[in-house]
Amino acid sequence: AQSVTQLDSQVPVFEEAPVELRCNYSSSVSVYLFWYVQYPNQGLQLLLKYLSGSTLVKGINGFEAEFNKSQTSFHLRKPSVHISDTAEYFCAVKARGGSNYKLTFGKGTLLTVNP
Amino acid sequence: DGGITQSPKYLFRKEGQNVTLSCEQNLNHDAMYWYRQDPGQGLRLIYYSQIVNDFQKGDIAEGYSVSREKKESFPLTVTSAQKNPTAFYLCASRAMSSYEQYFGPGTRLTVT
């Protein structure tokens, strides 16, 4: 089984500051990794995903994440945030292989960008 | 435009009543999922279906039921046996060739 820990439940930052949202996972097998964003009262939208290849993954809206296998981490970063980035962010994992296509989600990090 | 529709956006029911949440997709995806979201709890999987007329229990299936009679539809019934049904419910779908799940806008259910 897999589990995901998002280390910060809330992250307040000022506009144009850099931000890092931390995600660690636990799994006995190799995994695929995802970051989703949820704006208030809406569904989730995929920001980026790591399936294989380069460990630095670029996504939409200027976000990127780095897969670190030794530290079992997949932290999300943005060099300069905007007010419009205020949302909840979810890290998710899926075990590689098999027919089980379940995603396991973390509990989310609420990013609040202040002017 | 292709996407996932969940209706209604807000739903109110009295305790003891069953209620059915709608989820329709026109993405031609084979797999569909139902999640429950509570504040600070992330998303928890209720049921999922990878093919018509077949579905599996997720992590918190007790008090819920589903059907998958058509590829594009995956309704969720919240029964009176669900002890704490007030939550935000999200439907998702996935193409068999992809690992990415696409989410609908959600239905907020309030039971009083």
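Above this note sits the structure.
Thresholds, definitions, all that
Residues numbered from 1 in each chain as written. Chains lettered and ligands numbered in written order. Predicted model: local features only at pLDDT ≥ 70, side-chain atom pairs only at ≥ 80, totals over all residues. Heavy atoms only, no water. Helix = DSSP H or I, 4+ residues; strand = E, 2+ residues; numbered from the N terminus. Rg over C-alpha atoms; globule rule 2.2 N^0.38 Å. Buried < 20%, exposed > 50% of the residue type's maximum accessible area, 1.4 Å probe, protein only. Contact = heavy atoms within 4.5 Å. Lys, Arg positive; Asp, Glu negative; His and termini not counted. Charge placed at Lys NZ, Arg CZ, Asp CG, Glu CD. Areas by Shrake-Rupley, 256 points an atom, 1.4 Å probe, with all protein chains shown as cover. Pairing = 2+ DSSP bridges. Phe/Tyr/Trp six-rings, centres within 6.5 Å; stacked < 30°, edge-to-face > 60°. Lys NZ or Arg CZ within 6 Å of the ring centre and 35° of its normal. Axes fitted to C-alpha atoms, helices over the stretch in contact; angles between N-to-C directions. Core = buried A, V, L, I, M, F, W, Y, C linked by side-chain atoms within 4.5 Å.

> Please clarify how the overall build of chain A should be interpreted in this entry.
Scanning chain A from terminus to terminus reveals zero helices and twelve strands. Moving toward the C terminus, one meets the helices and strands of chain A in the order β-β-β-β-β-β-β-β-β-β-β-β. Since a compact globule built from 115 residues should have a radius of gyration of about 13 Å, the 14 Å found for chain A is in line with a globular shape. For chain A, the spread of C-alpha atoms along the principal axes amounts to about 45 × 30 × 20 Å. Every one of the 115 residues in chain A was classed for burial, and the buried ones make up 43%. Of the contacts made within chain A by residues no fewer than 6 positions apart, 57% connect residues no fewer than 24 positions apart. Averaged over its 10 positive side-chain charges, chain A has a centre that lies 15 Å from the centre of its 8 negative ones.

> Would you explain the overall build of chain B in this entry?
The helix and strand tally for chain B stands at zero helices and eleven strands. Mapped in sequence order, the helices and strands of chain B form the string β-β-β-β-β-β-β-β-β-β-β. Relative to the 2.2 N^0.38 estimate, which gives 13 Å for 112 residues, the radius of gyration of chain B is 13 Å and therefore close to what a compact globule would have. Its C-alpha atoms put chain B at 40 × 25 × 25 Å along the principal axes. Here chain B holds 112 residues, and the buried ones make up 48% of them. Considering only contacts within chain B whose residues lie at least 6 apart along the sequence, 52% involve residues at least 24 apart. For chain B, the accessible area works out to roughly 5400 Å², and carbon and sulfur atoms hold 47% of it. For chain B, the separation between the mean place of its 12 positive charges and that of its 11 negative charges on side chains is 6 Å.

> How should the pairing of strand E3 (residues 19–25) of chain B be read in this particular structure?
On a regular strand, one side chain projects to one face of the sheet and the next to the other, so that they alternate. Residue and element names in this part refer to chain B. A one-sided burial pattern is seen for E3, the buried positions being Val19, Leu21, Cys23 and Gln25 and the unburied ones Thr20, Ser22 and Glu24. Sheet topology places strand E1 (residues 4–7) next to E3; four bridges connect them, and they run antiparallel. In the strand pairing of E3, Ser7 is matched with Ser22. Pairing between E3 and strand E8 (residues 76–78): three bridges, direction antiparallel. Residue pairing across strands places Val19 opposite Val78, the latter belonging to E8.

> What is the right way to look at the packing of aromatic side chains in this model?
A ring pair, where both rings are aromatic, is described by two values, the distance of the centres and the angle of the planes. The full count for this structure, using the stated rule, is 14 aromatic pairs over all chains. With a centroid separation of 5.5 Å and an interplanar angle of 85°, the aromatic rings of Phe105(A) and Tyr35(B) are classed as edge-to-face. Linking Phe105(A) in strand E11 (residues 104–105) with Tyr35(B) in strand E4 (residues 31–38), this pair reaches from one chain into another. One exposure class covers both Phe105(A) and Tyr35(B), and it is buried. Between the aromatic rings of Tyr64(B) and Tyr89(B), the centroid separation amounts to 5.9 Å while the plane-to-plane angle is 65°, which identifies the pairing as edge-to-face. Here Tyr64(B) is found in strand E7 (residues 64–66), whereas its partner Tyr89(B) is found in strand E9 (residues 87–94), with 25 residues between them in sequence. There is no split in this pair, since Tyr64(B) and Tyr89(B) are both buried. What links up through ring pairs into an aromatic cluster is the set Phe34(A), Tyr36(A), Phe105(A), Tyr33(B), Tyr35(B), Tyr48(B) and Phe103(B). The ring centre of Phe74(B) lies 5.9 Å from the NZ or CZ of Arg68(B), which sits over that ring.

> Could you clarify how one ought to interpret the sheet that holds E8(B) in this entry?
Paired through backbone hydrogen bonds, the strands of a sheet run either parallel or antiparallel to each other. Residue and element names in this part refer to chain B. Spatial strand order, E1-E3-E8-E7: four strands in an open sheet with antiparallel pairing. Each end of this open sheet is capped by a strand with a single partner; those strands are E1 and E7. Neighbour to neighbour, the strand axes of the sheet diverge by 20° on average, direction disregarded. Strand direction decides the pairing type here: E7 and E8, joined by three bridges, are antiparallel.

> So what exactly am I meant to see when it comes to the nonpolar core here?
Taken as a class, soluble globular proteins show a tendency for nonpolar side chains to be buried jointly. Membership of the largest hydrophobic core comes to 28 residues, with the highest contact counts inside it found for Leu33(A), Trp35(A), Leu47(A), Leu48(A), Phe74(A), Leu76(A) and Tyr89(A). In this view, Leu47(A) contacts Trp35(A), Tyr36(A), Val37(A), Gly59(A), Ile60(A), Asn61(A), Phe63(A), Leu76(A) and Tyr89(A); residues no more than four positions away in its chain are not counted. By size, the runner-up hydrophobic cluster in this structure holds 20 residues, among which are Tyr32(A), Tyr33(B), Leu43(B) and Phe103(B).

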